[in-house]
Amino acid sequence: MELVSVLLNRAWRLTGLSDKRSRRMEEKALEVYDVIRTIRDPEKPNTLEELDVVTEKCVEVQELGDEEYLIIIRFSPTVPHCSLATLIGLCLQVKLQRCLPFKHKLEIYITEGTHSTEEDINKQINDKERVAAAMENPNLREMVEQCVTEPDD
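These remarks concern the structure in this document. Quantities reported herein were computed from a predicted structural model and do not represent experimental measurements.

Secondary structure summary: the protein contains six helices and three strands in total. Reading the helices (α) and strands (β) of the protein from amino to carboxyl end gives α-α-β-β-α-β-α-α-α. Counting all 153 residues of the protein, 37% fall into the buried class. Across the protein, contacts joining residues at least 24 apart in sequence account for 60% of those joining residues at least 6 apart.

As structure tokens, this is what we get:
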């Protein structure tokens, strides 16, 4: 299997497909970043971009198949004990599910070493049942809506 991968990578490089594919992944990552950068912080009057909670470098896109992508986001809460990190992850989930025009799978993580309970939060924000249950809570849903709604919406 590894030999096949090596041969495919060589063929892609020779034909220029690797460069085209790489550019396409970078373009998809920028498209994802454009969606999440305007999410508002739940406590502050700033966006996640303004607070450096998300950056262009925190978005990774991998091709899974024909027009299907794996999106991996690693965000950094402003403080290691941020009590709203789970809510930020939920906002990222909701906004991307609503706004991305292409088929995708989504994985959201707290950047390693930036939060005291990152493992637990990572499990929560990537559990579809927990996300769905959280969005059934009217108070939580309202908070998410306030964070993900664009100012001119």
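After that view, the rundown keeps rolling.
Considered for burial, the residues of helix H6 (residues 138-148) that qualify are Val 144, Cys 147 and Val 148. For H6, the angular spread of buried residues about the axis comes to 85 degrees, placing them on one side. Turned more than 90 degrees from where H6 packs its buried face, Pro 138, Asn 139 and Gln 146 sit exposed. Residues of H6 that are buried sit in contact with helix H3 (85-99) and helix H5 (128-136). One side-chain oxygen at the N-terminal end of H6 lies 2.9 Å from the backbone nitrogen of Asn 139; it belongs to Asn 137.

A separate point is the environment of Gly 113. Inspection of the secondary structure assignment puts Gly 113 in the loop between strand S3 (103-110) and helix H4 (118-125). C-alpha separation for the pair Gly 113 and Pro 80, spaced 33 residues apart in sequence, amounts to 8.2 Å.

What follows covers H5. Looking at H5, one finds that the buried residues are Val 131, Ala 134 and Met 135. Projection of H5 onto a plane perpendicular to its axis shows the buried side chains occupying an angular sector of 95 degrees, all on one side. What points out from H5, more than 90 degrees from its buried face, is the exposed set Glu 129 and Glu 136. Of the residues flanking the start of H5, the one acting as N-cap is Asp 127, its side-chain oxygen 3.0 Å from the backbone nitrogen of Glu 129.

About the criteria used
Residues numbered from 1 in each chain as written. Predicted model: local features only at pLDDT ≥ 70, side-chain atom pairs only at ≥ 80, totals over all residues. Heavy atoms only, no water. Helix = DSSP H or I, 4+ residues; strand = E, 2+ residues; numbered from the N terminus. Buried < 20%, exposed > 50% of the residue type's maximum accessible area, 1.4 Å probe, protein only. Contact = heavy atoms within 4.5 Å. Arc of directions from axis to C-beta. Polar contact = N/O pair within 3.5 Å; in protein donor to acceptor, adjacent residues only side chain to side chain.

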